[in-house]
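Coordinate analysis (summary)
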Amino acid sequence: MSAFSLYVDRNSGLNRLNPLTMLALIGFCLVAGLALPGAWAPYAVFLLAILPLAAGGRVLRPFLSAALKIVLPFAVSVTLIQGLFWTGGTPIVHLGPLSLKREGLIFAAQSTGRILAVLGSFLLLALTTRTDALMIALAQHGAPKSLTYIVLATLQIAPRFQAKANTILDAQRARGLEVEGGIGRRVRALIPLTIPLVLGSIVDIEERAIALEARAFSRSGPKTSLLVLRDSHMQRIGRWVLVGGMIAAVILGIVLRR
Amino acid sequence: MIDIQGLTYTYPASETPALNGIDLTVPEGQLCAVIGANGAGKSTLCYAIAGFVPHFYNGTLTGRVTVAGRDVVATPLAELAGEIGLVFANPFNQITGARFTVREEVAFGLENLGVPRDDMLARVDAALALVGLAGLGDRSPYALSGGQQQRVALASVIVMRPRVLVLDEPTSQLDPVGTREVFETLAGLAQAGGTTVVLVEHKPEWIAVHADRVVVLSAGRVVLDGPPAEVLAAPELSGYGLAPTRYTQAARLAVGRGLAPGDRPLPVTLEQAAPFFTDRVSP
Ligand SMILES: Nc1ncnc2c1ncn2[C@@H]1O[C@H](COP(=O)(O)OP(=O)(O)O)[C@@H](O)[C@H]1O
Ligand SMILES: [Mg+2]
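Described in the following lines is the structure provided in the data block. (Residues numbered from 1 in each chain as written. Chains lettered and ligands numbered in written order. Predicted model: local features only at pLDDT ≥ 70, side-chain atom pairs only at ≥ 80, totals over all residues. Heavy atoms only, no water.)

This part covers the overall build of chain A. Counting its secondary structure elements, chain A contains nine helices and two strands. Expressed as a percentage of its 258 residues, the buried residues of chain A come to 40%. Long-range contacts, defined as pairs at least 24 residues apart, comprise 72% of the intrachain contacts of chain A with a sequence gap of at least 6. A total accessible area of about 14,500 Å² is found for chain A, and carbon and sulfur atoms account for 70% of it. Of note, chain A has its 26 positive side-chain charges centred 10 Å away from the centre of its 11 negative side-chain charges. (Helix = DSSP H or I, 4+ residues; strand = E, 2+ residues; numbered from the N terminus. Buried < 20%, exposed > 50% of the residue type's maximum accessible area, 1.4 Å probe, protein only. Contact = heavy atoms within 4.5 Å. Areas by Shrake-Rupley, 256 points an atom, 1.4 Å probe, with all protein chains shown as cover. Lys, Arg positive; Asp, Glu negative; His and termini not counted. Charge placed at Lys NZ, Arg CZ, Asp CG, Glu CD.)

Turning our eyes to something else, we now look at the interface of chain B and chain A. Contact with chain B, which involves 41 residues of that partner, is made by 34 residues of chain A. With both chains or domains summed, chain B and chain A bury close to 3,400 Å², and 60% of this area falls on carbon and sulfur atoms. Counting the contacts that link chain B with chain A gives two salt bridges. Applying the counting criterion to the chain B and chain A interface returns 17 residue pairs in polar contact (both at pLDDT 80 or more). Of all elements in the fold, only α3 (77-80), α4 (91-94), α5 (102-113) and α6 (117-130) of chain B reach the threshold of two or more residues within the side of chain B that touches chain A. For the side of chain B that touches chain A, the residue count by class is 24 nonpolar, 10 polar and seven charged. (Buried area = accessible area lost by both parts, 1.4 Å probe. Salt bridge = Lys/Arg side-chain N within 4 Å of Asp/Glu carboxyl O. Polar contact = N/O pair within 3.5 Å; in protein donor to acceptor, adjacent residues only side chain to side chain. Nonpolar A, V, L, I, M, F, W, Y, C, P; charged D, E, K, R; others polar.)

Evaluation of the coordinates by the stated rule reveals 14 aromatic pairs over all chains. Relative to Phe63 of chain A, the ring of Phe46 of chain A lies with its centre 6.0 Å away and its plane at 25°, an arrangement referred to as stacked. In this pair, Phe46 of chain A sits in helix α3 (residues 41-56) while Phe63 of chain A sits in helix α4 (residues 60-85), placing the two residues 17 residues apart along the sequence. Residues Phe276 of chain B and Phe277 of chain B carry aromatic rings whose centres are separated by 5.3 Å and whose planes lie at 80° to one another, so their mutual orientation is edge-to-face. Assessed through its relative accessible area of 5%, Phe276 of chain B is described here as buried. Members of the aromatic cluster, connected to one another through ring pairs, are Tyr9, Tyr11, Tyr47, Phe52, Phe56 and Tyr57 of chain B. (Phe/Tyr/Trp six-rings, centres within 6.5 Å; stacked < 30°, edge-to-face > 60°.)

With that settled, consider the site of ligand 1. Residues and elements named next belong to chain B. Every residue close to ligand 1 is listed here: Tyr11, Ala18, Ala37, Asn38, Gly39, Ala40, Gly41, Lys42, Ser43, Thr44 and Tyr57. At 3.2 Å from an oxygen atom of ligand 1 is found a main-chain nitrogen or oxygen belonging to Ala40. When the residues that make up the shell around ligand 1 are grouped by side-chain class, the tally is five nonpolar, five polar and one charged. (Near = heavy atom within 4 Å.)

Our next topic: the sheet that holds strand β5 (residues 70-71) of chain B. Residues and elements named next belong to chain B. Overall, antiparallel pairing links the four strands, which are arranged β2-β1-β4-β5 in an open sheet. Either end of the sheet is taken by a strand with one partner, and the two such strands are β2 (19-26) and β5. Strand direction decides the pairing type here: strand β1 (residues 2-10) and strand β4 (residues 60-67), joined by seven bridges, are antiparallel. Within β4, the position partnered with Gln5 by the bridge is Arg64. (Pairing = 2+ DSSP bridges.)

A few words now on the nonpolar core. Residue and element names in this part refer to chain B. Core analysis: the biggest nonpolar cluster contains 55 residues, and Ile35, Val106, Val124, Leu167, Leu186 and Leu232 have the highest contact counts within it. When residues in this core are grouped by element, the largest group, five residues, is from helix α7 (residues 146-158). Ignoring anything within four residues of it in the chain, the contact list for Val124 reads Arg103, Val106, Ala107, Leu110 and Val159. Formed by 38 residues, the second largest nonpolar core is a distinct cluster that contains Ile2, Ile22, Val67 and Leu77. (Core = buried A, V, L, I, M, F, W, Y, C linked by side-chain atoms within 4.5 Å.)

So, on to unusual backbone geometry. Residues and elements named next belong to chain B. A cis amide bond links Val53 with the next residue in sequence, Pro54, at an omega value of 5°. Within the secondary structure, Pro54 sits in helix α2 (residues 52-55). The phi dihedral of Ala13 is positive, around 60°, even though this residue is not glycine. Tracing the backbone through its elements, the reader meets Ala13 in the loop between β1 and β2. Of note, Glu169 is a non-glycine position whose phi angle comes to about 45°, a positive value. Topologically, Glu169 is positioned in the loop between β7 (164-168) and α8 (176-192).

The subject of this paragraph is the pattern of salt bridges. Counting across every chain of the model gives 16 salt bridges over all chains. Residue Glu83 of chain B pairs with Arg70 of chain B through a salt bridge whose shortest N-O separation is 4.0 Å. Here Arg70 of chain B lies in strand β5 and Glu83 of chain B lies in the loop between α3 and β6 (84-87), a separation of 13 residues in the sequence. Here the salt bridges share partners, and the residues they tie into one network are Arg130 and Asp132 of chain A together with Glu104 of chain B.

Take the side chain of Thr196 of chain B next. Relative to the helices and strands, Thr196 of chain B resides in strand β8 (residues 196-200). Sequence-distant contacts of Thr196 of chain B, defined by excluding residues within four places in its chain, comprise Met1, Ile2, Val26, Pro27, Glu28, Gly29, Gln30, Arg163, Val164 and Leu165 of chain B.

Moving on: the packing of helix α2 (residues 19-35) of chain A against helix α6 (residues 131-140) of chain A. All names here are of chain A. Their axes nearest at 8 Å, the elements α2 and α6 cross at an angle of 95°. Taken together, the axis directions place α2 and α6 in an arrangement best described as roughly perpendicular. Of the residues in α6, those in contact with Pro19, Leu20 and Leu23 of α2 are Ala133, Leu134, Ala137 and Leu138. (Axes fitted to C-alpha atoms, helices over the stretch in contact; angles between N-to-C directions. Parallel < 35°, antiparallel > 145°, perpendicular 65-115°, else oblique.)

Below, the structure is given as structure tokens:
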């Protein structure tokens, strides 16, 4: 069982940034990738900002492998489907009785670019920033406790679910249930799995809430933190510059689209 | 330290009370073991001492629960946290997941209490040493065995210096090695003194050696209450769905077969069993 976290400690410059600065950087990439017009804007943001940042954070390899695993299948299917079945478009490539339409391909390129920019941004954040540090930083700046709790609970669900599912599967298998084999058989094996899984998870959520409460999670008043977050005057200025950049990108996007 | 008077509690949407007229006083520094069959109300009693009954579960409560001088029913949970520590069976559910390392995990409660960082570091390291995890502070809590995780949970609570520690079957999901680790930690804690401990536990051999007192619950009532040697050897124990220690069982068998005289108290620990079986009373 492990915590659901992609973070890799590379002792890089990005690792040492205040999580809020990282958040501002990612926010800028996201906004610029989505707000600027044209099919190529998200690609430009990806190539000129996100990729160099991943390289600078020394996470290029896990970054690319995760990004490709998700984006590639999406790109292929959206290109084929939109390219082949775009109604009333201009055919540019003929494949026997079928043809790829220009408008469909542009649409596919556009949506792939957006996915790339959005996914790349979040992936970069996850790979370079500790969730706990981010939560502490947000809490120090007055983010509500419920936000922390929701993030926490969400991060906990995946590993817990998986561990539980394995336990239950093992137990069912020990009682002679077939869990390997064809699709039909596997789906049938899932049914006795889900009920204990869901019921057990409700009990878990209750217990976790009690455990958090027993450690004064909802206590009001000033909190302290064992983890020391670095911050600097430069970073604070940098964050405001990035926020300014986001606003500029949005305005530029509106102006250029006219 | 704990003073419970006429406590009756019914869960919402439930007909019968889970606790029914409980009177229980636990003095400071006592290690009080609570045993009872499934559904007897042991967990509910733990929750009532820690305030989760009624604050978290709602339901109807009558009677009075006073812990460390505070009226539990009238005090909000956030204020009870830290004064009353609670550890339960599943180690995984007690790890917040909010922190990366064991040291930070243990510090979580102190952060919420606003303890200054320097104090925090010293207290966390002391708590880790107490539970025998001194070398593992920089590990991820998820990279530990069940027994180690449960000791992290224990350290996370101890570090807040609660006046009362409530443990609900803390070893029931651990293997024998993990169980021994947790028990040894508890024994060390009891020896260090001061903390009042309420421990729900099923292993009578362990209770017999370490508990100052044993309370038996059945259907939400206290049915037996006394020193371990008395309660654990009581003939009515099996009527409440509980097994006596191996030593008591063997002694009872020996008496039944005329191999040992029946006029002596039955042993509940190995220490008591040895003379019981070897000191033959000459006829
Ligand atoms: N959340 C709940 N809602 C309703 N009834 C409950 C709840 N938890 C426990 N009970 C009931 O209260 C009684 C005592 O339960 P519990 O304190 O968990 O017993 P024990 O820990 O001794 O096994 C049982 O009859 C149980 O069914
Ligand atoms: Mg219970």
